[in-house]
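The primary structure of each chain is shown beneath.
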Amino acid sequence: MKLLIKNGHVIDPSQGIDETADILIEDGKIKEVLRRKEPAGGMKENESGIKTQERGVINAAGLIVMPGLVDMHVHLREPGFEYKETIKTGTGAAIRGGITSVCCMPNTDPVNDNSSITQFILKKAAMEGSCNIYPVGCITKGQKGRELAEMTMMYEAGCVAFSDDGRPVADSLMMRRALEYSRVFDAPIISHCEDLMLAARGVMNEGLLSALLGLKGIPAQAEEIMVARDIALAELTGGRLHLAHVSTKGSVELIRAAKKRGVAAVSAETCPHYFSITEEAVRGYNTNAKVNPPLRGRADVEAIKKGLADGTIDVIVTDHAPHHMDEKVREFDLAPPGISGLETSVGLSMKLVDEGVLTLKQLVGKMALNPAGIVGIRKGSMKPGYDADICIIDPEREYRVDAAGFSSKGRNTPFDKWDLKGMPVITICKGVVNELS
Amino acid sequence: MSLKSRDLIGIKELEPGDIELVLDTAAGFKDILGRDIKKVPALRGRTVVNLFYEPSTRTRTSFELAAKRLSTDVINFSVSTSSVVKGETLRDTAMNIQALGADFIIVRHSCAGTAHFLAKNLNASVINAGDGTNEHPTQALLDLFTIKEAKGDIRGLNVAIVGDILHSRVAKSNIYALKKLGADVRLIGPPTLIPAYMKELGVGLYTDMNEGLKDVDIIMTLRIQMERQGKGFFPSTDEYFRNWGLTLERISRAKKDVIVLHPGPMNRGVEISSDVADGKMSVIIEQVTNGLAVRMAVLYLLSGVKA
Amino acid sequence: MSKKILDKKDIERIIARMSHEIIEKNKGVGSICLVGIQKRGVHIAVRIARKLKEIEGVDVPVGMLDIALYRDDINVRKDQPLVRRTEVPCQISNKNVVLVDDVLFTGRSIRAAMDALMDFGRPATIQLAVLVDRGHRELPIKADFVGKNIPTLLSETVNVQLEEDGMADKVCLNES
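Residues numbered from 1 in each chain as written. Chains lettered and ligands numbered in written order. Predicted model: local features only at pLDDT ≥ 70, side-chain atom pairs only at ≥ 80, totals over all residues. Heavy atoms only, no water.

*Asks:* Where do I start with the packing of helix 4 (residues 172-181) of chain A against helix 7 (residues 221-237) of chain A in this structure?
*Replies:* Residues and elements named next belong to chain A. As a packed pair, helix 4 and helix 7 sit with axes 9 Å apart at the nearest point and diverge in direction by 45°. Taken together, the axes of helix 4 and helix 7 lie oblique to each other. Taken as a pair, helix 4 and helix 7 cross one another with a handedness that is right-handed. Judged by residue contacts, Ser172, Met175, Arg176, Leu179 and Glu180 of helix 4 engage Arg229, Asp230, Leu233, Ala234, Leu236 and Thr237 from helix 7. Broken down by class, the residue content of the contact of helix 4 with helix 7 amounts to 5 nonpolar, 2 polar and 4 charged. (Axes fitted to C-alpha atoms, helices over the stretch in contact; angles between N-to-C directions. Helix = DSSP H or I, 4+ residues; strand = E, 2+ residues; numbered from the N terminus. Parallel < 35°, antiparallel > 145°, perpendicular 65-115°, else oblique. Left-handed = near helix turned anticlockwise from the far one by under 90°. Contact = heavy atoms within 4.5 Å. Nonpolar A, V, L, I, M, F, W, Y, C, P; charged D, E, K, R; others polar.)

Next comes the structure, spelled out in structure tokens:
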């Protein structure tokens, strides 16, 4: 089986490609990227859209062809919360979002804190998943923060990173041990940075707006204290630290300073909602804007963008956290935090390119190459021999977000009815072509 | 003349003119409360449901009596807090109550935004009787009515609100209402209970009672929730009273004709001394009567707003 | 189109005549209490009381009644009527209460006023004095003292202006 993607604007930072080129796929693998100096003669350059009439040929003129996106922070909810999302629906949503590889967080029921759960997830993924799944295992048994989970065994079973996501490791000694121990298998420790005592069961960003709404606030410092702590522990231990869903200006500054100092093993991610909207989205007690860490202020949004632009923040993830409608249509205090993000990530991130915050190449780095590197998977690149995981985006395609039409079971998004530009039109996963409408 | 919304969610949502209309209308209703027959047929045939997710005797009773004085039928629906987490959802409960034919749903709940949520989901008029630490609009309206009775005009008055501002929906509603009608507001209390960002509401912040009470026309003391003790907001009720208890000695710094309000129930010897609570500057009992008149006015005015 | 029906002088004469009628019917003013319906009825009641004092030398108590809360159209009106003051200055039980209003039309206001009055006590009689009776009754109500009967069309409105509200005394018939 051969497939040729012709005339697309190919972007692959791993090979330094950012030009019109053709890609040849054979037996589910990338055969080669056919580069050229001039546009090929006879091709209809300006004809955009998908043309697969010619057997085995995709005409990608006017489209951007990039490695399939890698989302290293996703909640697939299975096992245990299948009413929120399943491996099947979650990976379906990923494909719609141009994402071909997801790392799924361990806060399922039971939690992924031992290799049998890891194996279950991978088996289910092989049967029902439509994209690649890389499980993240727990740092501690039962995510309780007391004893280390059997990380080596989970690593051998297929876990690519470890995290107690959703629950911070509150005990600094335990976090130190985890970072030290992770050197055994060379996988990152992903830290959900939140000082729970300081957050004091808050439900939104602390400030005037929280006072006006009468909602309990979480100060930015609840995140920053833990970012500072974990950077210090990474320096102490030499372990690999990846900071999850960075949301504040202070965090960005701490990470920037750490990288400047040369704490090489620190990486960081943020999510589209932290650079697209502020706490103002919570007004009207909008539970779809309830997320942890909470949406912050204007200055934080600007700082996150700056952090993305200067490389302080390495990765854009979705922190896709689907919930059932019944859980979100209720009292703000009682609604669970989380945003269903897989299907809006590309459109929201493309805004960064429009605004000049990132180049397309940088964007592909943050959504594909960098995360693949951090979790150590052979993804995020279209080098010959790699799996044919490809995301094709129509950069000019304008569309309105329709949460009701999501492939994900989670329709909890603050971006419903937003007008976005830049949409994945074809997602190829291991050579399997998914045409998206 | 009518209110613009058929729900009373909070003072934040009201225009100054709306507040004035409620206060003026309440004056008419206060007359009725002095009659032998204290009941008028204005809302005959309407149904009012008190939906209370938090225990409250006085607010519920006040709304119940106000509704009965307007000849409505009143049903009290108390839901234990435990069933908030389990059991029927708030929306389902409210929809069921509406299906019974309720024209007004008066709701109290421990979560901020509950009244807003119900108003969005129901056709009945929703009145907020306190939602978490957000608002308690009728309390602020009755406080303003009481102030207006004593002082004639709200504009230009210096009002001190003393105590646990952070957790007080009464304080929040009063701050919004007083600011809208042109009063100067200052907050006094332990810094643990008055976060610095409150200043952005356009109010003065004071830690020192003597300094804060200087030349004020009105003092509102808030109830100290006993459960706050031991949570690190202040060391003990004794120390609280020492620093922020309202005593005759401290009141001497305020204007001579100062009046003292308290939303009740009072903790004597914690936030207020008995000689103040029972003193001639106290209008605390008057507030209770005024609460009835104000709640009647609110029910009457909201009934005139068409969906 | 506006047609003046009564001027200041006419109104003065009517008040004088109605006052005499009230005295005659009640054999003096000893047992009388005047209650005006907010708000022009109150002005007329005050004028009648002044006249009664002139004639009999007695201060007749005057009350004011707001009927907003007793109306039968409260659910169908577009705007909620303003609640004005109600003040009944004396015990009305066993008194001859003279209700006073400016215009008698459907009779619904009077029905509401009687209900409101009953909440203050049990009068010996309730009598009705109106400046203008324009007809079109919807309830079996009849005035005891009428200033002027004015046949009207339903499409017309009767406009009463009084000095107490800062306008010249007059009654006009307007075509709408």
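Next, the rest of the story.
*Asks:* Can you help me understand the nonpolar core in this one?
*Replies:* Side chains of nonpolar character tend, in soluble globular proteins, to be buried together. In terms of nonpolar packing, the biggest core is built from 97 residues, with B:Phe29, B:Ile161 and B:Leu178 touching the most fellow members. No other element matches helix 12 (residues 284-303) of chain B, which puts 10 residues into this core. Leaving out residues up to four positions away in the same chain, B:Ile161 has contacts with B:Ala171, B:Asn174, B:Ile175, B:Leu178, B:Val185, B:Arg186, B:Leu187, B:Ile188, B:Met220 and B:Leu222. Core analysis: the second largest hydrophobic core is formed by 69 residues, A:Ile117, A:Val169, A:Ile189 and A:Phe275 among them. (Core = buried A, V, L, I, M, F, W, Y, C linked by side-chain atoms within 4.5 Å. Buried < 20%, exposed > 50% of the residue type's maximum accessible area, 1.4 Å probe, protein only.)

*Asks:* I would appreciate a short explanation of the sheet that holds strand 1 (residues 2-6) of chain C in the present structure.
*Replies:* Across a sheet, strands are paired by hydrogen bonds formed along the backbone, either parallel or antiparallel in direction. Residue and element names in this part refer to chain C. Strand order in the open sheet formed by 3 strands is 1-8-7, with antiparallel pairing between adjacent strands. The sheet is open, and its two borders are formed by strand 1 and strand 7 (156-161), each paired with just one other strand. Ignoring which end each strand starts from, the neighbouring axes of this sheet average 25° apart. The sheet contact formed by strand 7 and strand 8 (residues 170-175) spans 6 bridges and is antiparallel. By the bridge assignment, Gln161 is partnered in strand 8 with Lys170. Contacts from helix 1 (residues 8-26) reach strand 1 and strand 8 within the one sheet, and its direction differs from that of strand 1 by about 40°. (Pairing = 2+ DSSP bridges.)

*Asks:* Explain the interface of chain C and chain B to me, please; I cannot follow it from the model alone.
*Replies:* In many reports, interface size means the accessible area that the parts give up when they come together. With 17 residues of chain C in contact, the opposing surface of chain B contributes 19 residues. Of the roughly 1,700 Å² buried at the junction of chain C and chain B (both faces included), carbon and sulfur atoms supply 51%. One can count 1 salt bridge joining chain C with chain B. Here C:Arg85 ties to B:Asp31 by a salt bridge, and the two come within 3.4 Å at their closest N and O atoms. (Buried area = accessible area lost by both parts, 1.4 Å probe. Salt bridge = Lys/Arg side-chain N within 4 Å of Asp/Glu carboxyl O.)

*Asks:* Help me understand the interface of chain B and chain A in this model?
*Replies:* On the chain A side, the residues contacting the 22 residues of chain B number 16 residues. Between chain B and chain A the total buried area reaches about 1,600 Å² when both faces are included, carbon and sulfur atoms providing 62% of it. Linking chain B with chain A are 0 salt bridges, by the criterion used here. For the pair chain B and chain A, the number of links is 4 residue pairs in polar contact (both at pLDDT 80 or more). Elements that contribute at least two residues to the side of chain B that touches chain A include exactly helix 4 (90-99), helix 5 (114-121) and helix 7 (169-180) of chain B. In terms of residue count, the dominant contributor to the side of chain B that touches chain A is helix 5 of chain B (4 residues). When the residues that make up the side of chain B that touches chain A are grouped by side-chain class, the tally is 9 nonpolar, 7 polar and 6 charged. (Polar contact = N/O pair within 3.5 Å; in protein donor to acceptor, adjacent residues only side chain to side chain.)

Keep in mind that these numbers describe shape and distance, not what the molecule does.
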